[in-house]
Amino acid sequence: MIQLHCRWKNNLLPAPKKSELRRFAHEAAIAAGLPVEPVWDLNLLFVNDRSMAVYNAELVGHEGTTDVITFSYFDGCDTYEAEDTMIELIINPDAALREGKKRKTGYAYEMALYLVHGLLHSAGEDDLSPGPRRRMRRREKECLAILKEKFDFECLFSLER
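First, a word on scope: everything that follows refers to the structure included in this document.

## Remarks on the pairing of strand 1 (residues 3-8)
Then step 1. Bridge analysis of strand 1 against strand 2 (residues 41-46) gives six bridges, and the strand direction is parallel. Bridge pairing in strand 2 places Leu 4 opposite Leu 42.
Then step 2. A crossover links strand 1 with its parallel partner strand 2, the connecting element being helix 1 (residues 18-32), and its sense is left-handed.

## Thoughts on the packing of helix 3 (residues 93-103) against helix 4 (residues 107-122)
Then step 1. Viewed as axis vectors pointing N to C, helix 3 and helix 4 meet at an angle of 125°, and their least axial separation amounts to 8 Å. Between helix 3 and helix 4, the angle is such that the two are oblique. Between helix 3 and helix 4 lies a crossing of right-handed hand. For the pair formed by helix 3 and helix 4, the contact residues are Pro 93, Ala 95, Ala 96, Leu 97, Glu 99, Gly 100 and Arg 103 on the first element and Tyr 107, Glu 110, Met 111, Leu 113 and Tyr 114 on the second.
Then step 2. The residue inventory of the contact of helix 3 with helix 4, partitioned by class, reads eight nonpolar, one polar and three charged.

## Concerning helix 1
Then step 1. Helix length check: helix 1 (15 residues) gives 20 Å between terminal C-alpha atoms against 21 Å at 1.5 Å per residue, within 8%.
Then step 2. Within helix 1 the residues assigned to the buried category are Leu 21, Phe 24, Ala 25, His 26, Ala 28, Ala 29, Ala 31 and Ala 32.
Then step 3. For helix 1, the elements touching its buried residues are strand 1, strand 2, helix 4, helix 5 (130-150) and helix 6 (153-156).
Then step 4. Immediately downstream of helix 1, the backbone of Gly 33 shows phi near 90°, a positive value.

## Quick word on the pattern of salt bridges
Then step 1. Taken as a whole and judged by the stated rule, the model has 11 salt bridges.
Then step 2. For Arg 138, the salt bridge is made with Glu 142, and the minimal N-O distance between the two is 3.6 Å. Taken together, the residues span about one helical turn, with Arg 138 and Glu 142 both in helix 5 at a distance of four residues.
Then step 3. Salt bridges linked by common partners bring Glu 125, Arg 135, Arg 138, Arg 139 and Glu 142 together as one network.

What counts as what
Residues numbered from 1 in each chain as written. Predicted model: local features only at pLDDT ≥ 70, side-chain atom pairs only at ≥ 80, totals over all residues. Heavy atoms only, no water. Pairing = 2+ DSSP bridges. Helix = DSSP H or I, 4+ residues; strand = E, 2+ residues; numbered from the N terminus. Right-handed = clockwise from strand over helix to strand, strands pointing away. Axes fitted to C-alpha atoms, helices over the stretch in contact; angles between N-to-C directions. Parallel < 35°, antiparallel > 145°, perpendicular 65-115°, else oblique. Left-handed = near helix turned anticlockwise from the far one by under 90°. Contact = heavy atoms within 4.5 Å. Nonpolar A, V, L, I, M, F, W, Y, C, P; charged D, E, K, R; others polar. Expected span 1.5 Å × (residues − 1). Buried < 20%, exposed > 50% of the residue type's maximum accessible area, 1.4 Å probe, protein only. Salt bridge = Lys/Arg side-chain N within 4 Å of Asp/Glu carboxyl O.

Fair warning: the whole summary comes from geometry, so function is off the table for now.
Structure representation (structure tokens):
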């Protein structure tokens, strides 16, 4: 199972149970087509809109907030050592709450989507042009369907404290 390192820095929304999040992330990595052996580290940082805007500007060079920022160290890497940090995701629950209402998908679905989206980027998917974007959206739906059979997104990413 991948090693999960998680920091929740969003004071307005409740953090998921770490044990369930670890299981979810592991199954999401498998669904995305990422290797799970040898064991590697996944770092998740959950932030608010203001922090995400700072990270987006400083790390990516984009203005404003966003939903997820992905750093994958699998790119160009044929081998890695056990317990190397291979993926870092910065996820914005504020965006998930806002977009879930707007799209009528709900907060929990959006949170699951953001984690899957970041892992798919790490698996080599791209969404910068129309063709790859369509493939990415299809892969997101496939991964989420697999995960929906194993997890209750509403329980995992609950709005209740």
